[in-house]
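Inside the fold
What follows is each chain in one-letter form.
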Amino acid sequence: MIGLISATAAGAAARDRLAAAWPDRTRVYDGPVGDAVRSAFAECGQLVCFLATGAVVRLIAPLLGEKTADPGVVCVDEGGRFAVSLVGGHAGGANELAREVGEMLAAQPVVTTATDSVGLSGLDTLGFPVEGSVATVSRALLDGEPVALRTELTWPLPPLPLAGQGAYTVRLTDRAVEAAEREVLLRPPSLVVGVGASKGAPVDEVLTLIEGALRDAGLSPRSIAELATVDAKAEEPGIVEAAARLGVPLVTYSAEELATVAVPNPSDAPLAAVGTPSVAEAAALVRGGELLVPKRKSASEDGRPAMATCAVVRRLARGRLAVVGLGPGARDLLTPRAKAELRRASVLVGLDQYVDQIRDLLRPGTRVLESGLGAEEERARTAVAEARAGHAVALIGSGDAGVYAMASPALAEASDDIDVIGVPGVTAALAAGAILGAPLGHDHVSISLSDLHTPWEVIERRVRAAAEADIVVTFYNPRSRGRDWQLPKALAILAEHREPTTPAGVVRNASRPDESSRVTTLGALDPAWVDMMTVVTVGNTATRNIAGRMVTPRGYRWQESAPEGAE
C-alpha cells in the first residue's frame, strides 16, 4: 500500500489525482502532517509526501531503521514539477515509484542512487536475494573495475557490465556457500520443493524436514522458488504455513497429473490416500528439472510415524524472448512497456538502423547483435538461440512487431522451451491514420505490396477482394526503386470499384522529424510521391474529406437517430 500525505490545497489536488488513478494501491492520510507521516510509515510499504524534502527528512529521521525494511519515500514539490526518490530507492522501490509518479503527474523523476544515475542495474534490484559485499562490488562496477561473473547454473540475468576475470566477483549460485571478500552472491529461484504431509502434520515438522534436506544437499533456502504438493493438500495447515514462513508460493497439482510423472520412489500409501503413487517427488518434478534430493521422510517423534515427506528439484531456467515493437519512430510513441523490456534484456537483436534509434535506452552490459536489411530470418534464429541459451533477449522491430515485422519469423522458430513475451507497438497504419484524420473509422485492411515473400497473384487477389468489399485499404511496402509497378496496379484495381474523388492519403516517415503527408484523391494520387518509407491509405465509398482530413464514418444504423453528441 502507498500512503499519500499532503499539507496544502495544491498538494491535496495532486494527491487526489494519484488516489483516483491508483485506488487499489493508495491510502490517503489526513490530519496533522506529523501524525500522518508516522502512521503511514508504520502501515505502508511506500509513501508519497506532497511536502518539501527538508520537512520530510525531519519527520522520518526518527523512524528510520534498516534500509531493507524501511518503506520507500517519494517527495513531490508544491508545484508538482519533481518526484524525488528520497529513501529506499532500491529496497523500498522508491526509484521506480518516483518514475511512476512522475509519469502520472507529468513531473520529472529525480533519482540519485549511483547505479540508477548511470543506468546500471543495481545488484540489489535484479529480483534475486543477494548476499555479500553489495556496496563494495557496486562501487567497483561504478568505477569501471573489472568484475567477474561466475555462474554455476544458467539463468536469464538483466544486463551487467561483467567480465571474465576480475578482483571482484558476482556469483550466481543456489549452493549454501558464504560470500568471499569482494564477492556478491545472487540466489536465483531455481529450487522447487515437493511436499507431502499427513493430515495435521505440524508446521515445525514440515519446516525441519525441508531445512534438513537442503542443508544435507548443500543448497540455499533463499533459492526456493515454490513449495509444490497435490491439490488435496492445498489447505493443509502445516504445508500452507511452511510456505508462508519461507516466503514462497504454494503450488498444487491434481492427483491425475502427478500420477503421470515418473519418479524413483513411488508408494502405495499416497496412492491410497490421494490417488497418486507420489506426491513429494512428482510435485517437484512435474514441470521438469533435476532431482537433487529424492523423497525423504521427517523424523518421527514420540514413537509416532513420520508425518511429512519432501523432495528437491533444480528447475532449469527458461530463457526469455521479448519481441518488441518500437513504434513508428518518435520516442514519445515508444511505449513504457517497450522501454522496460529494452532495459531488462541482456541481449538485444535487431536491424542496425532500429538499434541506433534506441541505443541510448540500453543498460551498460547489454550485448547487441545487429545486422542489415534482408537478414530477418537470421535475426529471428539468433534471438531464439540466445533465449534457448538461457538469456533475457529483446528482438526489436519497427511499428508493431507482429505486423509485417519480426514476431512471425521469431515465433515460427521458437518452441515451448522458452518464454515469449509480445510487446505491442504503434504500427504504421495507426500512425499514418492519426496524421490523416480518421480514415480507419470503420472496417479496414492492411495489405503489403511487396512480392518478395508473397506472389503477386496472391496480393492482387487480396487487393481485388478489398476493393469489391468496399473496405478502407492501407498499403504497406507500397513502392521501391526495384518495385515501381505494383502500386499503380493496386490503385487501378481500387478505381474499378471507387470514384476518382475517393479520399486517399500519403504519409512518409510518420512521427519522425522529416514527416510529410498529404490528403488527395484516388484519381490524383501520384505513385511518384511514394517510397518504402511511405504508407498509402485509400478510403471507401463513405470516406469524406472534411476540413482537409480523411474521415470514414462509423456507419452504424442507430447513429442516424442518436441525439447530438451521443457518439
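Conventions we followed
Residues numbered from 1 in each chain as written. Predicted model: local features only at pLDDT ≥ 70, side-chain atom pairs only at ≥ 80, totals over all residues. Heavy atoms only, no water. Helix = DSSP H or I, 4+ residues; strand = E, 2+ residues; numbered from the N terminus. Buried < 20%, exposed > 50% of the residue type's maximum accessible area, 1.4 Å probe, protein only. Contact = heavy atoms within 4.5 Å. Areas by Shrake-Rupley, 256 points an atom, 1.4 Å probe, with all protein chains shown as cover. Lys, Arg positive; Asp, Glu negative; His and termini not counted. Charge placed at Lys NZ, Arg CZ, Asp CG, Glu CD. Salt bridge = Lys/Arg side-chain N within 4 Å of Asp/Glu carboxyl O. Phe/Tyr/Trp six-rings, centres within 6.5 Å; stacked < 30°, edge-to-face > 60°. Pairing = 2+ DSSP bridges. Axes fitted to C-alpha atoms, helices over the stretch in contact; angles between N-to-C directions. pLDDT = per-residue confidence, 0-100. Polar contact = N/O pair within 3.5 Å; in protein donor to acceptor, adjacent residues only side chain to side chain. Expected span 1.5 Å × (residues − 1). Arc of directions from axis to C-beta. Parallel < 35°, antiparallel > 145°, perpendicular 65-115°, else oblique. Left-handed = near helix turned anticlockwise from the far one by under 90°. Nonpolar A, V, L, I, M, F, W, Y, C, P; charged D, E, K, R; others polar. Disulfide = S-S within 2.5 Å.

**Regarding the overall build of the protein**
The number of helices and strands found in the protein is 18 helices and 28 strands. Judged by the C-alpha coordinates and their principal axes, the protein covers about 95 × 65 × 60 Å. Out of the 567 residues in the protein, the part that is buried amounts to 46%. For the protein, restricting intrachain contacts to residue pairs at least 6 apart in sequence, the fraction spanning at least 24 positions comes to 64%. Surface summary for the protein: the accessible area is close to 26,800 Å², and the carbon and sulfur share equals 50%. Across the protein, the centroid of the 55 positively charged side chains sits 2 Å from that of the 69 negatively charged ones.

**Points about the pattern of salt bridges**
Within this structure, the stated rule accounts for 30 salt bridges. Between Arg331 and Asp360 there is a salt bridge, with the nearest N and O atoms lying 2.9 Å from each other. A residue pair is termed long-range when its members are at least 10 positions apart, and Arg331 in the loop between strand E16 (319-325) and helix H12 (336-344) and Asp360 in the loop between helix H13 (352-358) and strand E18 (367-371) qualify at 29 residues. Judged by relative accessible area, which is 34%, Arg331 ranks as partly exposed. One salt-bridge network, in which partners are shared between bridges, spans Arg15, Asp16 and Asp30.

**Describing the packing of aromatic side chains**
Applying the stated criterion to the full structure yields 2 aromatic pairs. Ring geometry for Trp456 and Trp485: centres 5.1 Å apart, planes at 70 degrees, overall edge-to-face. Of this pair, Trp456 sits in helix H17 (residues 456-468) while Trp485 sits in the loop between strand E23 (472-476) and helix H18 (486-495), and the two are 29 residues apart along the sequence. Take Trp485: its relative accessible area is 43%, and that puts it in the partly exposed class.

**Overview of the sheet that holds strand E9 (residues 168-172)**
Reading across the sheet, the 4 strands line up as E7-E10-E9-E8 and stay open at both edges, with mixed pairing between neighbours. If you trace the sheet from one side to the other, it starts and ends with strand E7 (130-132) and strand E8 (147-151), each paired once. Put simply, the sheet's adjacent strands are angled 20 degrees from each other on average, direction ignored. Direction of pairing for E9 relative to strand E10 (residues 183-186): parallel, over a ladder of 4 bridges. In the sheet register, Leu172 faces E10, and the bridge partner there is Leu186.

**As for the environment of Leu123**
Position of Leu123 among the secondary structure elements: in the loop between helix H5 (114-117) and E7. On the accessibility criterion, Leu123 (1% relative accessible area) is buried. For the pair Leu123 and Ala10, spaced 113 residues apart in the sequence, the C-alpha separation amounts to 38 Å.

**Quick notes on the confidence of the model for the protein**
Predicted confidence across the protein gives a mean pLDDT of 90, with 96% of residues reaching 70 or more. Element-level pLDDT for the protein is lowest in H5, with a mean of 62, against a maximum mean of 97 in H17. Counting interchain partners and residues more than four positions distant, the pLDDT-below-50 stretch residues 561-567 has 2 contacts.

**Here we look at the sheet that holds strand E12 (residues 224-230)**
Taken together, 5 strands build an open sheet; the order of strands is E13-E12-E11-E15-E14 and the sheet is mixed. The sheet is open, and its two edges are formed by strand E13 (250-253) and strand E14 (290-297), each paired on a single side. Looking at each pair of strands side by side, their axes are set apart by 25 degrees on average, direction ignored. Sheet analysis places E12 next to E13, joined by 4 bridges and oriented parallel. Within the sheet, the bridge partner assigned to Leu227 lies in E13 and is Leu250.

**Observations concerning the side chain of Thr543**
With respect to the helices and strands, Thr543 occurs in the loop between strand E26 (534-538) and strand E27 (544-546). Within the structure, the side chain of Thr543 is placed 2.8 Å from the side chain of Thr552, a separation counted as a polar contact. Beyond its immediate sequence surroundings of up to four residues, Thr543 is in contact with Val472, Pro503, Met550, Val551 and Thr552.

**Structural notes on H17**
Helix length check: H17 (13 residues) gives 18 Å between terminal C-alpha atoms against 18 Å at 1.5 Å per residue, within 8%. Residues of H17 that are buried include every one of Trp456, Val458, Ile459, Glu460, Val463, Ala466 and Ala467, and no others. Buried positions along H17 lie against strand E22 (444-448), E23 and H18. Asp470 sits one or two positions beyond H17 and adopts a positive phi of about 60 degrees.

**Regarding H12**
Regarding H12, the residues found buried are Ala338, Glu341 and Leu342. Seen end-on, H12 carries its buried residues on one side only, within an arc spanning 100 degrees. Where H12 is buried, its residues meet E16, strand E17 (347-351), H13, strand E19 (392-397) and strand E20 (418-423).

**Structural notes on the packing of H17 against H18**
Orientation of H17 relative to H18, taken along the N-to-C sense of each, is 30 degrees, at an axis distance of 9 Å. Here H18 runs roughly parallel to H17, going by the angle between their axes. H17 and H18 meet at a crossing whose hand is right-handed. When H17 is examined against H18, the residues Trp456, Glu460, Val463, Arg464 and Ala467 are found in contact with a partner set consisting of Gln486, Lys489, Ala490, Ile493 and Leu494. Among the residues forming the contact of H17 with H18, the class breakdown is 6 nonpolar, 1 polar and 3 charged.

**Overview of the state of the cysteines**
Summed over all chains, the structure comprises 0 disulfides. Cys49 provides the cysteine sulfur closest to Cys44, a residue in no disulfide bond, and the two sulfurs are 10 Å apart. Cys44 sits in the buried class, given a relative accessible area of 8%. Take Cys49: it sits in no disulfide, and the sulfur closest to it among the cysteines is that of Cys75, at 5.4 Å. Cys49 gets classed as buried once you look at its relative accessible area, which sits at 0%.

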